[in-house]
Amino acid sequence: MLLLTALGGCSVKYSLTGASIDQGAKTVNVRFIENRAPITNPTLSQRVTEKLRNKIQSQTKLTQINEDNADYEFKATITGYNFSNAAVTNVDKAATSRLTVTINVVFVKRVGDKKGWTQPFSQSADFRADQLPSQVENQLLDETILPQITDAIFNRAFANW
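Note on numbering: residues in each chain are counted from 1, in written sequence order. Owing to the predicted nature of the model, reporting of local features is limited to residues with pLDDT of at least 70; listing and counting of side-chain atom pairs is limited to 80 or more, with chain, interface and lining totals taken over all residues. By convention in this description, side-chain values take in all heavy atoms of the structure and omit both hydrogens and water.

Draft legend 1. Examining the overall build of the protein more closely. Strands here are runs of E lasting at least two residues and helices are runs of H or I lasting at least four, both read from the DSSP assignment and numbered beginning at the N terminus. When helices and strands are tallied, the protein shows three helices and eight strands. For the protein, the N- to C-terminal ordering of α and β elements is α-β-β-β-β-α-β-β-β-β-α. Note on exposure labels: buried denotes an accessible area under 20% of the residue type's maximum, exposed denotes more than 50%, and partly exposed covers the range between, all computed with a 1.4 Å probe on protein chains only. The proportion of buried residues among the 161 residues of the protein is 37%. By definition, residues are in contact when any of their heavy atoms lie within 4.5 Å. If you take every contact in the protein between residues at least 6 apart in sequence, the share linking residues at least 24 apart comes to 65%.

Draft legend 2. Structural context of the pattern of salt bridges. Should a side-chain nitrogen of Lys or Arg be within 4 Å of a carboxyl oxygen of Asp or Glu, the pair is scored as a salt bridge. All told, the structure shown has 11 salt bridges when counted by the stated rule. The salt bridge partner of Glu73 is Arg110, with a shortest N-O separation of 2.6 Å. You can see Glu73 sitting in strand 6 (residues 72-88) and its partner Arg110 sitting in the loop between strand 7 (94-109) and strand 8 (117-128), a full 37 residues away along the chain. Judged by its relative accessible area of 1%, Glu73 is buried. Since its relative accessible area comes to 31%, Arg110 is described here as partly exposed. Linked by salt bridges that have partners in common, Arg31, Asp68, Glu73 and Arg110 make up one network.

Dropping the structure here:
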């Protein structure tokens, strides 16, 4: 009986999605992610905010609220958005270019152990250097960068990876 009582007092709840949510946690506030990168994509803030909100909504039972007292809170800023050369040929000509997005995230946890964190997340995707960035950036963002960066943020917050 004593063992059952002790085990019943655990404060972490596990789900089939791999997310571990503190018992009693019901709300999350994913604040609008500001874009402070030197080079900006005008739709990136909205896209990454919605992608993270949708990920949390689909993988947990947390309710998104826009209040300061949410059980979990994400405050983030896009700090980097740049194109660079990723590979060079033997004649000093770029063969591959790269788009890199960096987001600095502050995670506030008001339940359980209340251990939040601050961490930058960065994700890149390569493309052929003969393509214009404007031709490929939306595809790179939608298919590679945003899914991977939101997965990394989600896993750090809820799967402790």
